[in-house]
Amino acid sequence: MHTVHAHLRGWMERAGMSVSVDHVGNLRGLYPSARSSSKRLFIGSHLDTVPRAGAFDGILGVVLGVALIERLEGRRLPFGIEVVGFSEEEGVRFGVPFIGSRALIGDVDNQLLTMISEAVTAFGLDPKRVSEAQAGDNALGYLEFHIEQGPVLENLNLPLGIVETISGQSRFDVLFEGHANHAGTTPMNLRRDALAGAAEWINTVECKTRATAGAVATVGRLSVFPGATNVIPSSASASLDIRHANDDVRRDLVKRLLQCAEKIASARCLTVSWKQHLDQAAVAMDPRFVQMLERAVASTGCPVHRMSSGAGHDAMIVARRLPAAMLFLRSPGGISHHPDESVLAEDVAAALDVGMAFLRELERRHA
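Quick notes on the rules
- Residues numbered from 1 in each chain as written.
- Predicted model: local features only at pLDDT ≥ 70, side-chain atom pairs only at ≥ 80, totals over all residues.
- Heavy atoms only, no water.
- Helix = DSSP H or I, 4+ residues; strand = E, 2+ residues; numbered from the N terminus.
- Buried < 20%, exposed > 50% of the residue type's maximum accessible area, 1.4 Å probe, protein only.
- Contact = heavy atoms within 4.5 Å.
- Areas by Shrake-Rupley, 256 points an atom, 1.4 Å probe, with all protein chains shown as cover.
- Lys, Arg positive; Asp, Glu negative; His and termini not counted.
- Charge placed at Lys NZ, Arg CZ, Asp CG, Glu CD.
- Core = buried A, V, L, I, M, F, W, Y, C linked by side-chain atoms within 4.5 Å.
- Polar contact = N/O pair within 3.5 Å; in protein donor to acceptor, adjacent residues only side chain to side chain.

Observations concerning the overall build of the chain
(1) Moving on: When helices and strands are tallied, the chain shows 10 helices and 14 strands.
(2) Moving on: Principal axes of the C-alpha set define a box for the chain whose edges measure 80 × 50 × 35 Å.
(3) Moving on: Evaluated residue by residue, the chain yields a buried proportion of 50% over its 367 residues.
(4) Moving on: Long-range pairs, those at least 24 residues apart, make up 78% of the contacts in the chain with a sequence separation of at least 6.
(5) Moving on: Total accessible area on the chain is roughly 16,600 Å²; 50% of this is exposed by carbon and sulfur atoms.
(6) Moving on: Side chains of the chain give 37 positive and 41 negative charges; the mean places of these two sets differ by 3 Å.

Below is the structure:
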């Protein structure tokens, strides 16, 4: 990460920004305003990614922020712009995502601080000063550019999408339990096969989710015990991930799927239990900023398309405190978190044009 910071620091400084690293590891480049005391717009995304990923998830949004400053060619606005490259968005290292953006809004508690303290110190920073990363009262809002990480824009043949909501998420582990027995001597009508029950339920998850507009559900992990070819499974544990932009719809779907699990288990003489790991509410972007972004897109001649994001982003964290907006760029092939992740040069150019139009409107409002 020191190498990444060094490359970006040089680019930021050449664009006329003063650069620092706060004590949670966020790289921050400030382009000052024309006024000695003014509001500040944050533009950012994250610098980390997942193992064996591509080159654009997160960091594209930071690079676009710096490119916008370059386009100003030294012209000062009535507000400052701070480009932030967040640390630890993905949650790979500590199992906790959004650490950098949580620090920006002052949401690093003692438990999290203890967890990251050693790493912060090893990076040459001071964990006692993490609170200094918090945005000041002069914060105007937050804008994030990001690849879509999905196939929607490509299927619509659109370069850009305006995010109006980041979907809420529910995550569970669902455990079906039956009775292990010999695979060759136990008749089919006398079996209590936990895996068969789980399999029936997984098919139900897919069918009912397909019938719920806007919902997605995934069973991404399945653990079977005892796992022998000649033994009827006594237990099967399945993960469940459900997302929707409307929390009421998401929670209703969760309720119906868990009721289906109970019915399937009862019919097969199994027991079923579950443990919830996440109930994350949907996050709406700021309506005024979304409208401004919509006008900015329209002014460049690009089609205007509003959409929800099924993935979590730093914008959903920052939106707890600041007005936030988010612009998606098309992901060719819908690929992300993979070495083949890419972006089209013309889409990047379009996003830069939209960013400049957004800054112009914000400039008029704060003239």
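Observations concerning the environment of threonine 229
(1) Moving on: Residue position: threonine 229 is located in the loop between β9 (222–225) and β10 (235–244).
(2) Moving on: Since its relative accessible area comes to 85%, threonine 229 is described here as exposed.
(3) Moving on: Taking the C-alpha atoms as reference points, threonine 229 and alanine 183, 46 residues apart in sequence, are found 8.0 Å from one another.

Describing unusual backbone geometry
(1) Moving on: Geometrically, the link from phenylalanine 225 to proline 226 is a cis peptide bond, its omega value of 5 degrees lying close to zero.
(2) Moving on: With respect to the helices and strands, proline 226 occurs in the loop between β9 and β10.
(3) Moving on: One non-glycine residue, arginine 52, lies in the positive phi region at around 55 degrees.
(4) Moving on: One can find arginine 52 in the loop between β3 (40–46) and α2 (59–72).

Brief notes about the environment of isoleucine 335
(1) Moving on: When you line up the elements, isoleucine 335 lands in the loop between β14 (324–329) and α10 (345–365).
(2) Moving on: On the accessibility criterion, isoleucine 335 (29% relative accessible area) is partly exposed.
(3) Moving on: Sequence separation between isoleucine 335 and asparagine 138 is 197 residues, and the spatial gap between their C-alpha atoms is 38 Å.
(4) Moving on: Ignoring anything within four residues of it in the chain, the contact list for isoleucine 335 reads Asp340 and Glu341.

So, the nonpolar core
(1) Moving on: Ranked by internal contacts, the top residues of the largest apolar core, which has 74 residues, are Leu41, Ile81, Phe145, Met285, Leu327, Leu329 and Phe358.
(2) Moving on: Ranked by the residues each element gives to this core, the list is headed by α10, at 10 residues.
(3) Moving on: If you look at the next biggest cluster of nonpolar residues, it comprises 22 residues, including Ala198, Trp201, Ala215 and Leu253.

Some remarks on the side chain of glutamate 144
(1) Moving on: Within the secondary structure, glutamate 144 sits in strand β5 (residues 139–147).
(2) Moving on: Of the polar contacts made by the side chain of glutamate 144, one reaches the side chain of serine 45; its length is 2.9 Å.
(3) Moving on: The residues contacting glutamate 144, other than those within four sequence positions of it, are Gly44, Ser45, His313, Asp314, Ala315, Ala325, Met326 and Leu327.

None of the figures reported here should be taken as evidence of function without further support.
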